[in-house]
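Below, each chain spelled out in residue letters.
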Amino acid sequence: MGDQIAMQAKSKLAGETSELASEPAIPRHELISSDADPQETVEWLEAWDQILDDKGPERASYLLNALSSRAHSAGIDLPPKLNTPYLNTIRKEDEVPYPGNPALERRIKNMIRWNAMAMVVQQNKSDPGIGGHIATYASLATLLEVGFNHFFRGSIGDQPGDLLYLQGHAAPGIYARAFLEGRISLKHLENFRHELRDNPGLSSYPHPWLMPDFWQFPTVSMGLGPLNAIYQARFMRYLENRGLLPVTDRKVWAFLGDGEMDEPESMGSITLASRERLDNLIFVINCNLQRLDGPVRGNSSIIQELEAAFRGAGWNVIKVIWGGDWDDLLARDNSGLLLKRMEECVDGEFQSFKAKGGAYIREEFFGKYPQLLKLVEHLSDDDLGNLHRGGHDPRKVYNAYKAAIEYEHGPTVILAKTVKGYGLGASGGEGRNLAHQSKKMSEEDLELFSERFGLQMSDEQAKKAVFYLPEDGCPEIAYLHERRQALGGYLPARVPLAEGQIKAPPLQFFKEQLQGSGDREVSSTMAYVRILTQLLKEPAIGPRIVPIIPDEARTFGMESLFRLVGIYASQGQLYRPHDADVFLYYKEAKDGQILEEGITEAGSMASTTAAGTAYANYRIDMLPFFTYYSMFGFQRIGDFIWAFADARGKGFLMGATAGRTTLIGEGLQHQDGHSLVLASTVPTCASYDPAYAYELAVIVQDGIRRMYELREDLFYYITVYNENYTMPPMPEDPAVPQGILKGIYCFKASSSGKTKVQLWGSGPMLNEALRAQQILNEQHKISADVWSVTSYSELRREALSVERWNRLHPAEASRKSYVQTVAENTEGPIIAATDYMKIVPDQVAPWLGGRLTSLGTDGFGRSDNRENLRRHFEVNAQSIVAAALSELSRLGKFNAKKAAQAFTELGIDPEKKDPAIA
Ligand SMILES: Cc1ncc(C[n+]2csc(CCOP(=O)(O)OP(=O)(O)O)c2C)c(N)n1
Ligand SMILES: [Mg+2]
């Protein structure tokens, strides 16, 4: 390829008119990449070297910049230089020696290597198919152990220490270390991936939900770790800049897979990290060149690709490619051919070198150039096979970490080249495409492994992959504890606040909402913004609130908050905003409170996660309110929300512009009729669909109480709409608040009448139910009770738990769920209307004895006004009336012919196309 370009360049320069003339023009920078006058080049380079020697790097760099500007003004398009040579970034001359006791550390690491492998191999012998991974940790061991022995801080003074995001598939290695530290028992190791036993074992991957004292961050779904780590580092600065957290040099370390970097979330926010100069953030990308199926970039170089992307984004990039045993070869190679060979090999070849061993490396790597063969003639094939990659050399890794923590201008990424399945042999998949899924090893490879890593055990023990149990008080274990104590404690560890720091205000605090809006028509979104504003102004709770918005504040009428509490901007406001003269100007401030994230729901959720788990990571209670377009929540970033739940996150997700018929005009992509369905799938998510301001106040007040005072691990999803109507005062019945929280209460009973029907409404559909109540009464003499259903999913959860109890206690008197009790005390068919899918009310159908008819918004949305949308989806008052008449007719309580006639008057077309498939 390079030669071809050079040839093309030469012929172009010579003005030849060959067939090349018809080919696309060669970019200028490729023309200048061929050396037309080597002698002249050498002279220039020597002159520059001289300046570097005499006047230092600053002057040398100045001159290069000046030349580059000159070239630019002469119209010469220099190639963007985002890559450095395929060498370690830190030169050998600049390295510091390895501190500590490398020999002891190596033995500790080898014990961990062995046990991490043994726990997976053993499990799969006794319980085939239980799974687990051995190859990921094998490639990562040195990268982690250097960190554990010298860098990762368990605490910083009285502050929590560094935050570690770990590759999920390397969990066995983390457990194996915790075992040596005495933090988990042998029984735990023996029951890896067997969590449901008398002696429960260890979870497959990092899950704070399952191991709440141990794991901090759920990472195993690829891409969550990198994005969450970036926003975590930013949130740390936010807390510091707002004076809520003392400034420390705590770091966020994120250990990531090279394959994982393909997830769009992984790299999607890297410019935020550099823009915010997050020097508290270190990415370590374990470049073992493989993912699950095969090479990450067989035909090119993942390290060079990542280097260019991160450098382009303004990160400090440190490449750790070659181990120390290459230093001598590089130093002795005067031809430059070794670097050339390193650079011309693609990752697929590097993988083969490791899979096929020393003789192959000699022939295929060094053998390409006779000079290189000569360079290694003193080395045996075994020596060549054992030439280390940088990520397996503690000294190289130590120097990279040291440089990373000392770098003060922004985030650092370390690109460490490793071998997937390092040391596991052919059966364990070392360097092979099957490495990721390998869970078993041959007896021969187990023996080789134990020999290679100097484990003191018999061949028989090795073949059985028994756990390595160091003796009490052996120097390795003493050293391991000594290092961790020097670094402030053990990691990972999750130590949440025992007692809450936020108290819910009394319900009366929200008297504005409880009193109703009088004649004023407002939306539930406006009511919510008032609630948020009141809370922000309340000194006892206000500063702990984190309003998070993905560029939609004006849509929701939240712009008054800009002025009230300011938008967080780490550099303050460096410009005078154009609207500075206006009261509600766009105020950015270093201690601003709002996280105005721009158009990233994923980033906003990552901020929500950092805020809603701050009680565990920083031991400070923070209360996020993440307000977003409801359509772009659960369905777009569901996996981040799932991880938030796993991390025991607290806070409020506010799905604004909710409802498939309430949000008008926007159409199919925007009208949300299913986020409540998706929300119901998350076990710790309490979702509500309130209609009125006082319902919202009751839910928010109780939510704060449960999450922050009672320390329950849950979060809330609440839909808020943009339809304006008068907000009634809260009914006087003292049972109403409990009904709101449980999910249903009677809002307006009928005056007694002979034929009865129950109308259930949620969100703005409650008003449609009230209109239907009137029509039924006035035109058909049917009396309808109207109920507000604030949460079908909460009703269902309670009903399921009661049903389960009944199932498990057949000999005892059966209990009744709340929804069943409510329904049994009423008469007639139940017509439920929702702006969400019919399956939302259907959640409680099993306990309603066939009485339920659900009207909902199944199908794709449309652009139109509310009236037409509600007619289209058959959820308007007329459709509710028609459904009531239809059900009563079938029960023989209403004349069917009259019902059909009423349909015509109501404007119902029985032959209309089903909106569910329209
Ligand atoms: C979102 C998501 N998709 C797919 C997977 C399944 N998966 C687990 S590990 C893996 C490959 C990981 O490769 P890499 O990131 O390079 O890590 P390595 O084990 O090589 O260090 C895949 C595809 C997952 N965990 N998450
Ligand atoms: Mg990989």
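To start, this report covers the structure provided alongside it. These numbers were taken from a predicted model, which means no experiment stands behind them.

Parameters at a glance
- Residues numbered from 1 in each chain as written.
- Chains lettered and ligands numbered in written order.
- Predicted model: local features only at pLDDT ≥ 70, side-chain atom pairs only at ≥ 80, totals over all residues.
- Heavy atoms only, no water.
- Patch = residues over 30% accessible without salt bridge, like charges linked within 9 Å, V, L, I, M, F, W, Y side chains within 5 Å.
- Areas by Shrake-Rupley, 256 points an atom, 1.4 Å probe, with all protein chains shown as cover.
- Salt bridge = Lys/Arg side-chain N within 4 Å of Asp/Glu carboxyl O.
- Helix = DSSP H or I, 4+ residues; strand = E, 2+ residues; numbered from the N terminus.
- Buried < 20%, exposed > 50% of the residue type's maximum accessible area, 1.4 Å probe, protein only.
- Contact = heavy atoms within 4.5 Å.
- Near = heavy atom within 4 Å.
- Polar contact = N/O pair within 3.5 Å; in protein donor to acceptor, adjacent residues only side chain to side chain.
- Nonpolar A, V, L, I, M, F, W, Y, C, P; charged D, E, K, R; others polar.
- Core = buried A, V, L, I, M, F, W, Y, C linked by side-chain atoms within 4.5 Å.
- Pairing = 2+ DSSP bridges.
- Axes fitted to C-alpha atoms, helices over the stretch in contact; angles between N-to-C directions.
- Parallel < 35°, antiparallel > 145°, perpendicular 65-115°, else oblique.
- Left-handed = near helix turned anticlockwise from the far one by under 90°.

1. Here we look at a nonpolar patch on the surface
On the surface, a nonpolar cluster with roughly 330 Å² of combined accessible area is contributed by W44, L64 and L67. Here W44 is to be found in helix α3 (residues 38-55).

2. What about helix α12 (residues 302-312)?
Regarding α12, the residues found buried are I302, I303, Q304, L306, E307, A308 and F310. For α12, the elements touching its buried residues are α10 (264-267), α11 (270-275), β5 (281-287), β6 (316-320), α15 (347-356) and β7 (412-417). Two residues or fewer after α12 comes G314, characterised by a positive phi angle close to 90 degrees.

3. As for the site of ligand 1
The full set close to ligand 1 counts 18 residues, and T136, Q167, D258, G259 and K420 are the nearest of them. D258 places a side-chain nitrogen or oxygen 2.8 Å from an oxygen atom of ligand 1. Across the complex, the protein chains shield 76% of the 590 Å² of accessible surface that ligand 1 would expose by itself. Partitioning the shell around ligand 1 into residue classes produces three nonpolar, ten polar and five charged.

4. Here's the deal with the nonpolar core
In summary, soluble globular proteins display a tendency toward joint burial of nonpolar side chains. Residues F235, L281, F283, F310, F365, F366 and W760 are the most contacted members of the largest nonpolar core, which totals 108 residues. Residue contributions to this core peak at ten residues, all from helix α9 (residues 224-241). Setting aside residues up to four positions removed in sequence, L281 forms contacts with A229, I230, A233, V252, A273, W315, P411 and T412. In terms of nonpolar packing, the next biggest core, distinct from the first, is built from 85 residues, F652, L766, I831 and A877 among them.

5. Considerations on the sheet that holds β6
Spatially, the five strands line up as an open sheet ordered β3-β4-β5-β7-β6, and their pairing is parallel. With partners counted over all chains shown, the strands left at the sheet margins are β3 (163-165) and β6, one partner each. For this sheet, the mean angle separating the axes of adjacent strands, direction not counted, is 15 degrees. In the sheet, β6 pairs with β7 via five bridges, with the strands oriented parallel. Looking at β7, one finds that I318 is bridged to I414.

6. Quick notes on the packing of helix α5 (residues 102-126) against helix α6 (residues 135-150)
Close contact between α5 and α6 brings their axes to 10 Å; oriented N to C, the two are set at 135 degrees. In terms of axis orientation, α5 runs oblique to α6. The two elements α5 and α6 cross, and the hand of that crossing is right-handed. In contact with E105, I108, K109, I112, R113 and A116 of α5, α6 contributes Y137, A138, A141, T142, E145, N149 and H150.

7. Digging into the pairing of strand β9 (residues 545-549)
Counting buried residues in β9 gives five out of five residues, a clear majority hidden from the surface. Burial of β9 is two-sided: the residues I545, P547 and I549 facing one way and the residues V546 and I548 facing the other way are all buried. Sheet topology places β9 next to strand β13 (residues 623-629); four bridges connect them, and they run parallel. Counterpart to V546 in the pairing with β13 is P624. In this sheet, strand β12 (residues 595-596) lies alongside β9 in parallel orientation, the contact comprising two bridges. Each residue of the ladder has a partner; that of I549, found in β12, is E596.

Structural measurements only, silent on function.
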